[in-house]
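# Remarks on the overall topology
Chain residues, written in single-letter form:
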Amino acid sequence: MATPAFEEIAETFDFLDDWEDRYRHVIDLGKAFPPLPDALKVPATKVEGCASQVWIVPKIEGEGAAARFDFAGESDAMIVRGLIAVLHALYSGLTVAEVGRVDAVAELGRLGLNEHLSSQRSNGVRAMVERIRRVSAEAAAQ
């Protein structure tokens, strides 16, 4: 299950044969992603387990399992900012119940990210996905 925005990224990656081009595309996605206001870069929004500074601010509209999930985020590393944009494309607009059913490893694997990210970056992506899933599960339970 992937959103149209994520499918668009996957299609672009299919056309980019070279990993360097894909890497640049992820960075470009990060550059285009809206910046997070400094007031939201606080310990409560910081994602632990990332080598870079990463903040994710969930935005949930509605109540219960049908509530819509969205988030804002930022990182001090351009590639990570791009990865946040990729995760945003993967999850934004889904219901909080649907977020828990997304196989992030498989979806990101379609982009070939697994083989090309350092173990630290991969751990950071996992930490971001876990934060997104936890927040969504908590919202779905309300």
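One can find the structure itself at the top, above this paragraph.
Below or above, wherever it landed, is the structure these notes cover. (Residues numbered from 1 in each chain as written. Predicted model: local features only at pLDDT ≥ 70, side-chain atom pairs only at ≥ 80, totals over all residues. Heavy atoms only, no water.)

## Quick word on empty space enclosed by the protein
Evaluation of the coordinates by the stated rule reveals one cavity of 30 Å³ or more. Within this model, the largest cavity holds a volume of roughly 50 Å³. Forming the walls of the largest cavity are C50, A51, S52, V54, V80, L83, Q120, R121, G124, V125 and M128. For the lining of the largest cavity, the secondary structure elements donating two or more residues are α3 (78-91) and α7 (119-141). When residues in the lining of the largest cavity are grouped by element, the largest group, five residues, is from α7. (1 Å grid on protein atoms, 1.4 Å probe; cavity = no way out; pocket = protein on both sides within 12 Å on 5 of 7 lines; lining within 4 Å. Points joined across faces, edges and corners; volume = space filled by probe spheres on them. Helix = DSSP H or I, 4+ residues; strand = E, 2+ residues; numbered from the N terminus.)

## Digging into the packing of helix α2 (residues 19-32) against α3
The interhelical angle for the contact between α2 and α3, taken along N-to-C directions, is 80 degrees, at an axis separation of 7 Å. Taken together, the axes of α2 and α3 are roughly perpendicular relative to one another. Taken together, the residues of α3 that come into contact with α2 (itself represented by Y23, V26, I27, L29, G30 and K31) are M78, I79, R81, G82, L83, A85 and V86. Among the residues forming the contact of α2 with α3, the class breakdown is nine nonpolar, two polar and two charged. (Axes fitted to C-alpha atoms, helices over the stretch in contact; angles between N-to-C directions. Parallel < 35°, antiparallel > 145°, perpendicular 65-115°, else oblique. Contact = heavy atoms within 4.5 Å. Nonpolar A, V, L, I, M, F, W, Y, C, P; charged D, E, K, R; others polar.)

## Remarks on α2
Along its 14 residues, α2 runs 20 Å from first to last C-alpha, staying within 8% of the 20 Å computed at 1.5 Å per residue. Among the residues making up α2, those that are buried are W19, R22, H25, V26, I27 and G30. Where α2 is buried, its residues contact α1 (4-15), α3 and α6 (113-116). (Expected span 1.5 Å × (residues − 1). Buried < 20%, exposed > 50% of the residue type's maximum accessible area, 1.4 Å probe, protein only.)

## Observations regarding the pattern of salt bridges
Side chains that differ in charge, positive against negative, can pair when their charged atoms come close. One pass over the structure, following the stated rule, counts seven salt bridges. Ionic pairing is found between E98 and R68, a salt bridge with its closest N-O pair at 3.9 Å. Of the two residues, E98 is situated in helix α4 (residues 96-99) and R68 in strand β2 (residues 68-75); the sequence distance between them amounts to 30 residues. Overall, the relative accessible area of 43% leaves R68 in the partly exposed class. Across the salt bridge formed by E107 and R110, the nearest N and O atoms sit 2.5 Å from each other. Here R110 and E107 lie together in helix α5 (residues 104-110), a separation of three residues that amounts to about one turn. The class of E107 is buried, set by a relative accessible area of 11%. Taken together, the shared-partner salt bridges in this structure form one network comprising D38, K41, E74 and R81. (Salt bridge = Lys/Arg side-chain N within 4 Å of Asp/Glu carboxyl O.)

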